[in-house]
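# What the coordinates show
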Amino acid sequence: MDFNTKLKKYAELAVKTGVNIQPGQTLLVRTPIECAEYVRYVVEEAYKAGAKNVHIEWSDEKCSLIKYLNAPDEAFEEFPRWISDQYLDIAKEGGAFLTIYAQDPDLLKNVDPKRIAEYQKVSGQALKEWRGYTLTNKCRWSIVSIPTAAWAKKIFPDVSEQEAMDKLWDLIFKCSRVTDDPIQAWKEHNNNLKEKTDFLNSKKFKTLKYKSKITDLTVEMPEGHIWESGSEKDVNGIEFNPNMPTEEIFTDPHRDHVDGIAYASKPLMINGKLVKDFWIRFENGIAVDCGAKENVEFLKDALFHDDRSRRLGEIALVSKKSPINKIGRLFYNGLIDENAASHLAFGSSFPTNIENGTDMDEGELLKHGVNVASCHHDFMVGTEHYHVEGITHDGKTVVIMDDGDFVL
């Protein structure tokens, strides 16, 4: 299969399996300008699927860098109202959103992290209502990744730019199951993950215990928690895949009942800095301490930002047999790297992972033990010898993972 055929199949996959465009629906594609070739295929596939309109929001990371380095401080204290209004208008009319992730991991390494943090805070607040639509599946959304030269060279620094691009494309196609029939491959993959989520949901665990040679963590589960994986359904029952690739099975932990220490098994990129060999210690649901071999100050800035960012918002299980883990490379892309190993996230939880959560307001979610925060940072904890067991309400122990793989 030649490159253009794969690219077209990848675009069709994003449209039909990712956001699952329906006749008469509007699609907004958020993308860097480097991805124009792929975006044109996406637009074509969307109209073939019956889309009424396809709008493109172009971005240029080099212009973003110029702004971060040269604009006055007040530029990062506001967010364009017309952008948030556009998102909301499309969401309210039942539109879908496809985000194309393609970023230089080192882009912001020389930028004042306070500027980044301030703009993330402001943009997060401005887009809060729109994110409410995505977090509660009131609209369908998906994220796919496309190589750029800078990103490819970060992963493959010892080869030419073109060879690095070719290598990264090959890995993304492989991770995203771009085969002769990728849509069928994803149906089979989603079904395989669903079998595991059905089993976990049937157990309604009271507690989960995580252990490896370095991690020792106990997590209480909120009553009515729901395990999800792969594809999800919007409020109208239409299936879609939010993240492509994905290998995880995930749910919400109880925000007030997490105790022990979690060691990261892979680095975490925060605000353009790679935090390496770090750990976080929790008591009564709150992160009370952390450490890292490198860039610990960036971890502390994100983790100790406020009370809610100090709490876990997600627990996710990933087999060591994940194709992304087998590749054995760090992608410097959280959306891909998180699918290489079991992971946790500090910050916001997902309302869809608790019974009737999409109908709850912020106060009700918190009352049910679901964390609500302005951030969400995934960090990998799974290892070759990762062990996870669940304790049921009648005291029975069920081994979920052993030696890094599912035993369900």
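Let me begin by describing the structure that accompanies this report. Here the structure is a predicted model, which means the values were calculated and not measured.

## Considerations on the packing of aromatic side chains
For the structure on display, the rule yields 15 aromatic pairs. For the pair Y87 and W130, a centre-to-centre distance of 4.8 Å together with 55° between the ring planes defines the contact as tilted. Placement of the pair is Y87 in helix α4 (residues 81–92) and W130 in helix α6 (residues 128–135), with a sequence separation of 43 residues. With a relative accessible area of 4%, W130 lands in the buried category. With centroids separated by 5.7 Å and ring planes inclined at 55°, the aromatic side chains of F278 and F379 adopt a geometry described as tilted. Taken together, the residues span a long stretch of sequence, with F278 in strand β13 (residues 273–283) and F379 in strand β17 (residues 376–380) at a distance of 101 residues.

## Things to note about the nonpolar core
Membership of the largest hydrophobic core comes to 46 residues, with the highest contact counts inside it found for Y10, L27, Y38 and F331. Broken down by secondary-structure element, the contributors of at least two residues to this core are α1 (3–18), β1 (26–32), α2 (36–48), β3 (96–101), α7 (149–155), α8 (161–175) and α11 (323–327). The dominant element in this core, judged by the number of residues it contributes, is α8, at eight residues. Apart from residues no more than four positions distant in its own chain, F331 is found in contact with W151, I155, L168, L171, C175, I324, I336 and D337. With 38 residues, the next largest nonpolar core counts F205, F282, F298 and F379 among its residues.

## Notes on the packing of helix α3 (residues 61–70) against helix α5 (residues 113–126)
Remark: α3 packs on α5, axes separated minimally by 10 Å, with the N-to-C direction vectors making an angle of 115°. By the angle between their directions, the pair α3 and α5 is classed as roughly perpendicular. Between α3 and α5 lies a crossing whose hand is right-handed. The segment α3 lies against α5, with K67, Y68, L69 and N70 engaging R115, I116 and Y119. Its residues assigned to classes, the contact of α3 with α5 comprises four nonpolar, one polar and two charged.

## What about the layout of surface pockets?
The gaps left among the atoms become clear once a water-sized probe is rolled over them. Estimates place the volume of the second largest pocket at around 440 Å³. Taken together, 23 residues form the lining of the second largest pocket, with K194, E228, S231, E232 and K233 sitting closest to its centre. Looking at the lining of the second largest pocket, the elements that each hand over two or more residues are α9 (182–203), β7 (228–229) and β8 (232–233). Per element, the largest residue contribution to the lining of the second largest pocket is six residues, and it comes from α9.

## Quick look at the pattern of salt bridges
On inspection of all chains with the given rule, the structure shows 19 salt bridges. Residue R255 pairs with D307 through a salt bridge whose shortest N-O separation is 3.9 Å. Of this pair, R255 sits in the loop between β10 (249–251) and β11 (258–263) while D307 sits in the loop between α10 (296–303) and β15 (312–317); the two residues are 52 residues apart in sequence, bridging distant segments of the chain. Accessibility expressed as a relative area gives 9% for R255, which makes it buried. Using a relative accessible area of 37% as the deciding quantity, one classes D307 as partly exposed. One salt bridge connects K320 with E384, and the closest N-O pair in it is separated by 3.6 Å. Highlighted residues: K320 in the loop between β15 and α11 and E384 in the loop between β17 and β18 (387–391), separated in sequence by 64 residues. We classify K320 as partly exposed; its relative accessible area is 26%. Here the residues in one salt-bridge network are R255, D256, D307 and R311, joined through shared partners.

## A word on the environment of L127
On the secondary structure map, L127 appears in the loop between α5 and α6. Take L127: its relative accessible area is 5%, and that puts it in the buried class. For the pair L127 and P72, spaced 55 residues apart in sequence, the C-alpha to C-alpha distance is 22 Å. Among all residues touching L127, those that are not within four sequence positions of it are F79, S84 and Y87.

## Here we look at the pairing of strand β14 (residues 286–294)
Bridge count for β13 against β14 is seven bridges, and the pairing is antiparallel. If you follow K276 over to β14, its bridge partner there is E294. Hairpin connection between β13 and β14: a loop of two residues separates the two successive antiparallel strands, and N284 in this loop has a positive phi of roughly 50°.

## A look at the sheet that holds β1
The strand order β2-β1-β3-β4 describes an open sheet built from four strands, whose pairing is parallel. Every interior strand has two partners, whereas the edge strands, β2 (53–59) and β4 (141–145), have only one. Here the strands of the sheet are splayed against their neighbours by 15° on average, with no regard to which way each runs. The pairing of β3 with β4 spans five bridges and is parallel. The partner of I100 across the bridge, within β4, is V144. Relative to the sheet, α2 contacts β1, β2, β3 and β4, its axis offset from that of β2 by approximately 165°.

Reading guide: rules and limits
- Residues numbered from 1 in each chain as written.
- Predicted model: local features only at pLDDT ≥ 70, side-chain atom pairs only at ≥ 80, totals over all residues.
- Heavy atoms only, no water.
- Phe/Tyr/Trp six-rings, centres within 6.5 Å; stacked < 30°, edge-to-face > 60°.
- Helix = DSSP H or I, 4+ residues; strand = E, 2+ residues; numbered from the N terminus.
- Buried < 20%, exposed > 50% of the residue type's maximum accessible area, 1.4 Å probe, protein only.
- Core = buried A, V, L, I, M, F, W, Y, C linked by side-chain atoms within 4.5 Å.
- Contact = heavy atoms within 4.5 Å.
- Axes fitted to C-alpha atoms, helices over the stretch in contact; angles between N-to-C directions.
- Parallel < 35°, antiparallel > 145°, perpendicular 65-115°, else oblique.
- Left-handed = near helix turned anticlockwise from the far one by under 90°.
- Nonpolar A, V, L, I, M, F, W, Y, C, P; charged D, E, K, R; others polar.
- 1 Å grid on protein atoms, 1.4 Å probe; cavity = no way out; pocket = protein on both sides within 12 Å on 5 of 7 lines; lining within 4 Å.
- Points joined across faces, edges and corners; volume = space filled by probe spheres on them.
- Salt bridge = Lys/Arg side-chain N within 4 Å of Asp/Glu carboxyl O.
- Pairing = 2+ DSSP bridges.

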